[in-house]
Amino acid sequence: MEQSLGQDSVPGFGSFDKSRVLDVRPLRRLVPVFPSASSSSSFSTPQGAAPFVCASPAGPFPPGVSPFFPFYISAESQRPSEQNQQTPGGVGNQNTPFVFNNPISNAVPINSFRTPPSSTARVTPNQYTGSSNGDTTQSRRITRSRAQPQSQSGIAEEDGFNTSVTDGENTRKGGRSKGKFQSHKRTRGGQDINVALPDVDVDAIVDNILTSYTDTFRHADGNKESVGYALMFYDLLRRRITQLEEMKEKIPGASRTGRPDLRAGTLFMNKGIRTNTKRRIGAVPGVEVGDIFFFRMELCLVGLHAPTMGGIDYMGVKNSTEDEPLALSIVSSGGYEDSVEDANVLIYSGQGGNASNDNRNNREMKDQKLERGNLALEKSLHRSNDVRVIRGLKDVSNPTGKVYVYDGLYKIHESWVDKGKSGCSVFKYKLVRLPGQPEVFTIWKSIEQWKVETTTTRVGLILPDLTSGAENLPVSLVNDVDGEKGPAHFTYISSLQYSKPVNLTESSAGCTCIGGCLPGNSNCSCIKKNGGFLPYTANGLLVNQTPLLHECGLSCQCPSNCRNRVSQGGLKIRLEVFKTKDKGWGLRSWDPIRAGSFLCEYAGQVLNISGVEELGGDYEDDYIFDATRTCEPLGVLPGDSTETPKVPFPLIISANTAGNVARFMNHSCSPNVFWQPVLRENKNESDLHIAFYAVGHIPPMTELTYDYGLVPHEKAYQRKKVCLCGSVKCRDSFY
DNA sequence: CGCTGTCAGCGGTAT
DNA sequence: ACCGCTGACAGCGAT
């Protein structure tokens, strides 16, 4: 496997096919184009925070611009390193599941299941108890579901959910929510009439997910796949509901207290789009230590922590004599006076003691009692069972939100009663992290340090900012694997460069939203082009993948901070280029990333099509982005548009001599990032860009990868690369 | 900007 | 019926 890798000019790097550069002819060598001082203005960042820096590798350099770090490839560092398979989604996650000799192995909940509303009844675990523990079925199931095309509506038979798909028009109301899941009360306050469109739309989406992925969720035990899908679709739906909610906000008198997170969560819970419904002590299949979440509801959906608010999850477990409550998991989120400074020890406060049952803001306190969660923790101390710990931290990117980090298994070592600030007694529990688990909190704290220390003593740091200030944020360059000092030299540019304008087939006038484009503004031409929706949520998340995203651009009158210009705002996430174990250089993030976040665009030089057509078989460029390749759509709701990207013209980009962080993103067959063509409104020119977004939530220090795609018809000179992504879905090779 | 108050919400357990 | 380490936002005071 690996020897073939060594032949590449830049070994280990996921090189692009040099062939697929369209069905074309020669083109011996592209004349390198270096940004000139005059051209730089068009690339300046909107905020003007960081000046655009450009320089030819050899200079001369504009005043104030220091020479770019001289990258070079050292010959001896090229040897591919050992077969260290990187598991997606984990910093040094060994794939070895965390197994302990747990005396309480087969815990079964007292009330394992409440019967879901009629239609979901068949998802009850009882029906699957025969299938033993789902773990062994993993590989089989995965191959299956992959082959299963989306929105195949034929499977509905046993579900009773007819794939009534998006009936384009919203026949709101009526009793039609009948039989389905009228169980939850969706009568939010005085909401009425205007809610029609969203409601129906949402129901159809959920039905579609279920019918398309029904097999994925039909097991009491989860796995990586079912957890991944549940989370991905959950947030997709949540973003969609957010988008729909926003539109009706314009309507006077409408309540603004819609909670898309709860709404999406209830739908999923009721429909059975969830995993690990059997509650258990210890590790949860498919959830890895270090995984992150942004809503409490997500913890419920994957079976990590059931209460939607409560900090302690527990369940009755048969003892020799009786049922006793045992603690399953806790969320430490700052609500009480916990002590969290140590990465391996957590002092957790018991629950209760907040007087005044109705109004929680009543400041008076009471003594806590040894009941509910407190009692369970006490019992768990004596039974010495594993307790899952989820740490709730402040989310840097979203000050109002929190990020929940699964920190693995702990044991309770001691308990005592303390006096809280109010003078009332509070139960305290000392939890100690089990050894042998991947580091999580330690890494988060290190990253915090790296951000504040300018002169960090971090091992393997080569450059604090390889962009030399070209981006809003520095991008560090790190190698803690071998002696290589950096990737081959290239010029850092922060955006795409067209050598000559591409004419537009239809002219674009741009929008006239002086104050910025707002959802529900049916007059905005840009919103119209996006099917009537603003494609981003208020905090800048892409709602869903679309064949072609229309952003505002030069010909629009909206300001640079318009919500419909997300991909133009430069980096928002702290990234770092690092040396991977066996795939050359790669890209990863310091910040936790929310699903739908914009990461970066693919910067480089747009190749002239007519020139590319001259291309022969031996054109050497490992940094080609070819927008004409096909990819399985990702981050798309079944029933939504599942079309593959629709680019107005065959865009091919080379980041060989000049590019940005995107050129370091490796290929994976189970990517956590997808790309999306973005067309910016620009008078008579076609201002097409390629932007990257997160498929799901991505923990810090996880390698960012996207699917390089497939070539429709392989040519003789096209060379496949051996794929080392390590995914269970791996196609073994890529272009 | 950061803190605090507000309040509708939900799955779950207890009764 | 009751409980609770939500989450988004409005309103406030400090910087």
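The structure we're discussing is the one just above.
Worth saying up front: this structure is predicted, and the values here are computed from it rather than measured.

Student: Go over the environment of A204 with me, naming the residues and quoting the values.
Tutor: By the secondary structure assignment, A204 is in helix α2 (residues 196-212). Look at A204 and you get buried, because its relative accessible area is 6%. Separated by 305 residues in the primary sequence, A204 and A509 place their C-alpha atoms 35 Å from one another.

Student: Explain unusual backbone geometry to me, and be specific about the residues and the numbers.
Tutor: In this structure, S468 takes a positive phi of about 50 degrees despite not being glycine. Here S468 lies in the loop between β8 (461-463) and β9 (476-478). Here S468 falls in the partly exposed class, since its relative accessible area comes to 28%. At M701, a residue that is not glycine, the phi angle is positive and equals roughly 65 degrees. Tracing the backbone shows M701 in the loop between β22 (687-694) and β23 (703-706).

Student: An account of the pairing of strand β6 (residues 402-419) is requested, with residue identities and associated values reported.
Tutor: Bridging between strand β1 (residues 292-293) and β6 involves two bridges; their strand directions are antiparallel. By the bridge assignment for β6, F293 is matched with Y404. Summarising the sheet, strand β5 (residues 387-394) and β6 pair through seven bridges and their orientation is antiparallel. Bridging across to β6, G392 finds its partner in Y404. In sequence, β6 turns back onto strand β7 (residues 425-433) through a hairpin of five residues, with G423 there showing a positive phi of about 95 degrees.

Student: Before we move on, can you summarise the state of the cysteines with the specific residues and values?
Tutor: Applying the stated criterion across every chain yields a total of zero disulfides. The closest cysteine sulfur to the non-disulfide-bonded C730 is located on C723, 3.6 Å from its own sulfur.

Student: An account of the packing of helix α3 (residues 224-248) against helix α4 (residues 260-271) is needed here, citing residue identities and associated values.
Tutor: Each packed pair of helices is defined by two parameters, the angle between the axes and the distance between the axes. Remark: α3 packs on α4, axes separated minimally by 8 Å, with the N-to-C direction vectors making an angle of 130 degrees. Put simply, α3 runs oblique to α4. In this structure, the crossing between α3 and α4 has a hand that is right-handed. Contacts from A230, F233, Y234, L237, R238, I241, T242 and E245 of α3 reach α4 at P260, D261, R263, A264, G265, L267 and F268. Looking at the contact of α3 with α4 residue by residue, the classes come out as nine nonpolar, two polar and four charged.

Student: Which residues make up the protein's contact with DNA strand C, and what are the values?
Tutor: Looking at DNA strand C, there are 25 residues lining it, with R259, R296, S333, Y336 and Y404 nearest. Between R296 and DNA strand C, the recorded distance is 2.8 Å, taken from a backbone N or O atom to a phosphate oxygen. Put simply, the parts of the chain that give the surface near DNA strand C at least two residues each are β3 (323-332), β4 (345-349) and β6. Here the surface near DNA strand C is built from residues that sort into six nonpolar, 12 polar and seven charged.

Student: Provide a residue-level description of the packing of aromatic side chains, including the pertinent values.
Tutor: In this structure the tally under the stated criterion is 19 aromatic pairs. Pairing Y213 with F233 gives two aromatic rings, centres 4.8 Å apart and planes at 55 degrees, and the pair type is tilted. Of this pair, Y213 sits in the loop between α2 and α3 while F233 sits in helix α3, and the two are 20 residues apart along the sequence. By relative accessible area, which is 8% here, Y213 ends up buried. For F233, a relative accessible area of 0% corresponds to the buried category. Three or more aromatic residues joined by ring pairs form one cluster here, namely Y602, F625, W675, F692, Y706, Y708 and F734.

Student: Describe α4, and please don't skip the residues or the numbers.
Tutor: With 12 residues, α4 ought to run about 16 Å at 1.5 Å a step, and its terminal C-alpha atoms sit 16 Å apart, in line with that. Burial within α4 is extensive, with nine of its 12 residues counted as buried.

Student: How would you explain the sheet that holds strand β18 (residues 652-654) if you had to name every residue and give the values?
Tutor: Pairing within the open sheet is mixed, and its four strands lie in the order β11-β16-β18-β17. One side of each edge strand has no neighbouring strand; the edge strands of this open sheet are β11 (496-497) and β17 (624-626).

Student: Account for the pattern of salt bridges, with residues named and values stated.
Tutor: Enumeration over the complete set of coordinates arrives at 26 salt bridges. The closest approach of N and O atoms between K379 and E324, which form a salt bridge, is 3.9 Å. Of this pair, K379 sits in helix α6 (residues 372-383) while E324 sits in strand β3, placing them 55 residues apart in sequence. We note a salt bridge from R433 to D407, for which the minimum N-O separation is 3.4 Å. One end of the pair, R433, is in strand β7; the other, D407, is in strand β6, and 26 residues separate them in sequence. By relative accessible area, which is 1% here, D407 ends up buried. Via salt bridges that share partners, D235, R238 and R239 belong to a single interconnected network.

Student: Describe α6, and please don't skip the residues or the numbers.
Tutor: For α6, with 12 residues, the first-to-last C-alpha span of 16 Å sits near the 16 Å given by 1.5 Å per residue. When we look at burial in α6, the residues that qualify are G373, N374, A376, L377, E378, S380 and L381. Buried-residue contacts for α6 involve β2 (312-318), β3, β4, β6 and β7. Note on α6: the residue one or two positions beyond its end, S384, has a positive phi of about 60 degrees.

Student: Please provide a residue-by-residue account of the side chain of H667, values included.
Tutor: Along the polypeptide, H667 turns up in strand β20 (residues 666-667). Given the relative accessible area of 2%, H667 is considered buried. From its side chain, H667 meets the backbone nitrogen of Y708 in a polar contact 2.9 Å long. The contacts of H667, once residues within four sequence positions are left out, are T705, Y706, D707, Y708, C723, C725, R731 and F734.

Student: Go over the nonpolar core, please, and point to the residues and values.
Tutor: In this structure, L237, F268, F293, L304, C511 and Y693 are the most contacted members of the largest nonpolar core, which totals 70 residues. One finds A470, F625, M665 and C669 within the second-largest nonpolar core, a separate group that totals 48 residues.

Student: I'd like a description of the pairing of strand β21 (residues 673-680), backed by residues and values.
Tutor: Both faces of the sheet carry side chains from a regular strand, because those side chains alternate between them. Burial runs high along β21: eight of the eight residues are buried. Taking every second residue as pointing to the same face, both faces of β21 are buried, with V673, W675, P677 and L679 on one and F674, Q676, V678 and R680 on the other. In the sheet, β21 pairs with β22 via eight bridges, with the strands oriented antiparallel. Each bridged residue has a counterpart across the sheet, and for V673 the counterpart in β22 is A694.

Cut-offs applied
- Residues numbered from 1 in each chain as written.
- Chains lettered and ligands numbered in written order.
- Predicted model: local features only at pLDDT ≥ 70, side-chain atom pairs only at ≥ 80, totals over all residues.
- Heavy atoms only, no water.
- Helix = DSSP H or I, 4+ residues; strand = E, 2+ residues; numbered from the N terminus.
- Buried < 20%, exposed > 50% of the residue type's maximum accessible area, 1.4 Å probe, protein only.
- Pairing = 2+ DSSP bridges.
- Disulfide = S-S within 2.5 Å.
- Axes fitted to C-alpha atoms, helices over the stretch in contact; angles between N-to-C directions.
- Parallel < 35°, antiparallel > 145°, perpendicular 65-115°, else oblique.
- Left-handed = near helix turned anticlockwise from the far one by under 90°.
- Contact = heavy atoms within 4.5 Å.
- Nonpolar A, V, L, I, M, F, W, Y, C, P; charged D, E, K, R; others polar.
- Near = heavy atom within 4 Å.
- Polar contact = N/O pair within 3.5 Å; in protein donor to acceptor, adjacent residues only side chain to side chain.
- Phe/Tyr/Trp six-rings, centres within 6.5 Å; stacked < 30°, edge-to-face > 60°.
- Expected span 1.5 Å × (residues − 1).
- Salt bridge = Lys/Arg side-chain N within 4 Å of Asp/Glu carboxyl O.
- Core = buried A, V, L, I, M, F, W, Y, C linked by side-chain atoms within 4.5 Å.

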